[in-house]
Amino acid sequence: MKRREFIGLGIASALLMPVRAIATVWNTAAFNAMDIETAENGLSIADESPSDAIDITAPSRAENGAIVQVAVHSRIPNTEAIAILVEKNPTALLANTMFRHGAESSLVTRIKMAETSDIKVIVKAGNRYFTASKKVIVLENGCGGTSSTNEQFKSSIKIRAKQLKNKNLKNKNLVQVKAIITHPMHTGRGKDEAGQLIPAHFIQHITITHLNQPAVTMQLGTGISKNPYLTFHLAEAKLGDAIVLAWQDNLGNSGEAETRVIA
């Protein structure tokens, strides 16, 4: 597969920017990288260390590569960001998520996988990078697909924030935020019923805000599944607090929804 050189802003630089600035700059060069080696060059990673403190939960076998649920949790102190990459996808970088203001360094989402491959996770903590991977056997390609040109774009958000009740939790105020965003997430490689390519149409930015402070900021590529599903955890949210999810896609569409923390 032909490599592409990165141009302009790399993810490593973006991670050092203020969160509100990140939300306005989608890392085109990084998300267009065609292989992991090129993507890591774009991340400006001179050295990365394997770590058993990164937990990746994903199926060993995926019946449909269009919907592969992945959960990532970093137990590395001071984790700032988690990037998810897939070795054999058309573009390697799927998502880059930054955590602030009491957000736990974990996420759940659903991704597309073109074929049997490793899911690779890179964690940034301070000036160091750590990595772990998990192999998933894919039985059906999930990066192309077909759709109808008659489909009218209409998006919506379902979001819930619930305080977790478990006597074993160290933090009694831990809140779980779950969301589903209705969106086609077209890769630009799928075809319509006439065999014509469907233009790329996908969410690029998601921000979870708690009490007007961005807690989670996420940049997405075309490798996130249709109707993105997300789970995050907030360590400092309390009953009744406002949680807001906002998104923006590559065509300028956007959406926002608010919920309150419930018991």
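A quick note: this is a predicted structure, and the numbers were derived from the prediction, not measured.

## Some remarks on the confidence of the model for the protein chain
Part 1 of the argument: For the protein chain, per-residue confidence averages 87 on the pLDDT scale, and residues scoring 70 or more make up 85% of the total.
Part 2 of the argument: Within the model, the stretch residues 1–22 combines pLDDT values under 50 with 50 contacts to residues more than four positions away or in other chains.

## Regarding the packing of aromatic side chains
Part 1 of the argument: Inspection of the entire model under this criterion finds 2 aromatic pairs.
Part 2 of the argument: What links up through ring pairs into an aromatic cluster is the set Trp26, Phe31 and Phe202.
Part 3 of the argument: Over the aromatic face of Tyr229 sits the side chain of Arg110, whose NZ or CZ is 4.2 Å from the ring centroid.

## Re the pattern of salt bridges
Part 1 of the argument: In total, this model carries 5 salt bridges according to the counting rule given.
Part 2 of the argument: Asp55 is paired through a salt bridge with Arg75; the nearest N and O atoms lie 2.9 Å apart. A residue pair is termed long-range when its members are at least 10 positions apart, and Asp55 in strand S2 (residues 54–57) and Arg75 in the loop between strand S4 (68–74) and strand S5 (79–86) qualify at 20 residues.
Part 3 of the argument: According to the relative accessible area criterion, Asp55 is partly exposed, its value standing at 28%.
Part 4 of the argument: Judged by its relative accessible area of 45%, Arg75 falls in the partly exposed class.
Part 5 of the argument: A salt bridge links Glu258 to Arg260; the nearest nitrogen and oxygen atoms lie 3.4 Å apart.
Part 6 of the argument: Overall, Arg260 belongs to the partly exposed group, its relative accessible area being 46%.

## As for the environment of Ala215
Part 1 of the argument: With respect to the secondary-structure elements, Ala215 resides in strand S13 (residues 213–220).
Part 2 of the argument: When the C-alpha positions of Ala215 and Ile243 are compared, they lie 9.6 Å apart, and in sequence the two are 28 residues distant.
Part 3 of the argument: In contact with Ala215, other than residues within four places in its own chain, are Met98, Phe99, Arg100, His101, Ala103, Ile208, Thr209 and Leu234.

## Some words on the side chain of Ser225
Part 1 of the argument: Within the element layout of this structure, Ser225 appears in the loop between S13 and strand S14 (229–234).
Part 2 of the argument: You can call Ser225 buried: its relative accessible area is 2%.
Part 3 of the argument: Among the polar contacts listed, one links the side chain of Ser225 to the backbone oxygen of Ala66, at a separation of 2.7 Å.
Part 4 of the argument: Engagement of the side chain of Ser225 in a polar contact is seen with the backbone oxygen of Ile111, the distance being 3.1 Å.
Part 5 of the argument: With near-sequence residues (within four places) excluded, Ser225 lies in contact with Ala66, Ile67, Val68, Arg110, Ile111, Lys112 and Met185.

## Quick notes on the side chain of Gln219
Part 1 of the argument: For Gln219, the position within the fold is in strand S13.
Part 2 of the argument: Reaching out from Gln219, the side chain makes a polar contact with the backbone oxygen of Val25 at a distance of 2.7 Å.

Criteria and thresholds
- Starting afresh in each chain, residues are numbered from 1 along the sequence in its written order.
- Residue-level local features of this predicted model are given only where pLDDT is at least 70; pairs of side-chain atoms are given and counted only at 80 or more, and the full residue set underlies all totals for whole chains, interfaces and linings.
- Side-chain metrics in this entry use all non-hydrogen atoms of the structure; hydrogen atoms and water are not considered.
- For every residue, the predictor states its confidence as a pLDDT score lying anywhere from 0 to 100.
- Whether two residues are in contact is decided by their heavy atoms: any pair within 4.5 Å suffices.
- Whether two aromatic rings pair depends on their centres lying within 6.5 Å, for rings of Phe, Tyr and Trp, where Trp uses its six-membered ring; planes under 30 degrees apart make the pair stacked, over 60 edge-to-face, and the rest tilted.
- Lysine NZ or arginine CZ positioned within 6 Å of the ring centre and within 35 degrees of the ring normal marks a charge as sitting over the ring.
- Within this document, salt bridges are pairs made up of a side-chain nitrogen of Lys or Arg and a carboxyl oxygen of Asp or Glu, the two lying within 4 Å of each other.
- Secondary structure is summarised from DSSP: a helix means a run of H or I of at least four residues, a strand means a run of E of at least two, and numbering begins at the N terminus for each.
- Each residue is assigned to one of three classes by its accessible area relative to the maximum for its type, calculated with a 1.4 Å probe on protein chains only: buried under 20%, partly exposed between the two thresholds, exposed over 50%.
- Under the rule applied, a polar contact is a pair of N or O atoms within 3.5 Å (in protein, one hydrogen donor and one hydrogen acceptor; residues adjacent in sequence only if both atoms are side-chain atoms).

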